[in-house]
Amino acid sequence: MKNKLHLLIYFLRKDLKAKYAGSALGVIWTFLMPVIQILLLWLVFSTIMKARPYGNMQMPYIYFLLSSYFFWLAFLEGTMRAANSIIENSEIVKKISFPNIILPITAALSSYLPHILGFILFIVVYGIETSFSPILLLVMPVLLFQVIFSLGVGMILASLMPYVRDLGQLLGQALQGIFFLSPIIYSIEAVPEKLKIIFYLNPITYFVVSYQKIILLGEVPSFSYLSAIACLSLSCFIGGYFLFHKLKEGFSDVL
């Protein structure tokens, strides 16, 4: 176990260094790209489409957007990179005997680190503008379960991708659909009642609404939301772990 932990830390450091190797701006891209995306979303949905936060809350739309957007970016990047981790490291997987499961885990975790830094910066500014509430600390367990959920999704996709290469073509479209069917750029209150069932079938909705309630409303998410988050995360992680170990033996044959 100790050797696996050292190996995970080694690959995590290696991945973070390789991520910006040869780039003139280096780690600055980590913050620059999300800033550009946020500005575009703010312009379109706040200025043009007049999207508003919960109810009649008098709050800048940018706060509403940032309360969950960094977490979405972390999930998006972590899922994409974890899904391709086995294929992208095919030479290592075929030639070296080591715990391959470290590859999707490393890809997912390294994707979270820079976006969490962006969220911390947002919380500092938000705390100065409003008033810091101890309830904000509840973001941490929700985030922990999101990381566990991401690892589970990453292991599932990483184990399937070598066998079903077309999955890579569908993944980008699926994630785009998940984004627009999550209350990230508009509140769940804005969704017509007859369509809400679709949103509640989307696991990301439970994380997003929980972040918004904690950060914007200063409320503890309902028991049903927290239960859904815990069950989804743990079942996905356990399922992903066993599926990966069941399919990993055939990686060398299909890569």
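The structure reproduced in this document is the subject of the present report. (Residues numbered from 1 in each chain as written. Predicted model: local features only at pLDDT ≥ 70, side-chain atom pairs only at ≥ 80, totals over all residues. Heavy atoms only, no water.)

**A short note on the overall build of the protein chain**
Looking only at helices and strands, one finds 12 helices and zero strands in the protein chain. Taken across its 255 residues, the protein chain has 45% of its residues classed as buried. Taking the intrachain contacts of the protein chain between residues at least 6 apart in sequence as the baseline, contacts between residues at least 24 apart amount to 78%. For the protein chain, the exposed area adds up to about 13,500 Å²; of that, 70% sits on carbon and sulfur atoms. (Helix = DSSP H or I, 4+ residues; strand = E, 2+ residues; numbered from the N terminus. Buried < 20%, exposed > 50% of the residue type's maximum accessible area, 1.4 Å probe, protein only. Contact = heavy atoms within 4.5 Å. Areas by Shrake-Rupley, 256 points an atom, 1.4 Å probe, with all protein chains shown as cover.)

**Considerations on the packing of aromatic side chains**
Counted under the stated rule, the structure contains 20 aromatic pairs. Residues tyrosine 69 and phenylalanine 179 carry aromatic rings whose centres are separated by 6.3 Å and whose planes lie at 70° to one another, so their mutual orientation is edge-to-face. You can see tyrosine 69 sitting in helix α3 (residues 61–83) and its partner phenylalanine 179 sitting in helix α8 (residues 167–180), a full 110 residues away along the chain. Across the pair, exposure class does not vary: tyrosine 69 and phenylalanine 179 are buried alike. Between the aromatic rings of phenylalanine 119 and phenylalanine 122, the centroid separation amounts to 6.1 Å while the plane-to-plane angle is 50°, which identifies the pairing as tilted. Of this pair, phenylalanine 119 and phenylalanine 122 both sit in helix α6 (residues 102–129), separated by three residues, roughly a single helical turn. Taken as a pair, phenylalanine 119 and phenylalanine 122 share a single burial class, namely buried. Through successive ring pairs, a cluster of aromatic residues spans Tyr69, Trp72, Phe75, Phe149, Phe179, Phe180 and Phe207. (Phe/Tyr/Trp six-rings, centres within 6.5 Å; stacked < 30°, edge-to-face > 60°.)

**Points about the nonpolar core**
Residues Trp72, Phe75, Phe119, Phe122, Tyr211 and Ile215 are the most contacted members of the largest nonpolar core, which totals 61 residues. Of all the secondary-structure elements, those providing two or more residues to this core are α3, α6, α7 (139–160), α8, α10 (203–217) and α11 (223–247). Ranked by the residues each element gives to this core, the list is headed by α3, at 13 residues. (Core = buried A, V, L, I, M, F, W, Y, C linked by side-chain atoms within 4.5 Å.)

**So, a nonpolar patch on the surface**
A cluster of nonpolar side chains, Leu181, Leu195, Ile197, Ile198 and Leu201, forms an exposed patch at the surface whose accessible area comes to about 460 Å². Within the element layout of this structure, isoleucine 198 appears in helix α9 (residues 196–200). Isoleucine 198 gets classed as partly exposed once you look at its relative accessible area, which sits at 40%. (Patch = residues over 30% accessible without salt bridge, like charges linked within 9 Å, V, L, I, M, F, W, Y side chains within 5 Å. Salt bridge = Lys/Arg side-chain N within 4 Å of Asp/Glu carboxyl O.)

**Observations concerning the environment of serine 85**
With respect to the secondary-structure elements, serine 85 resides in helix α4 (residues 85–88). Given a relative accessible area of 3%, serine 85 falls into the buried group. Residues serine 85 and leucine 157, 72 residues apart in the sequence, show an inter-C-alpha distance of 9.5 Å. Residues contacting serine 85, with those up to four places away along its chain left out, are Leu103, Pro104, Ala107 and Ala158. Within the structure, the side chain of serine 85 is placed 2.7 Å from the backbone oxygen of alanine 82, a separation counted as a polar contact. (Polar contact = N/O pair within 3.5 Å; in protein donor to acceptor, adjacent residues only side chain to side chain.)

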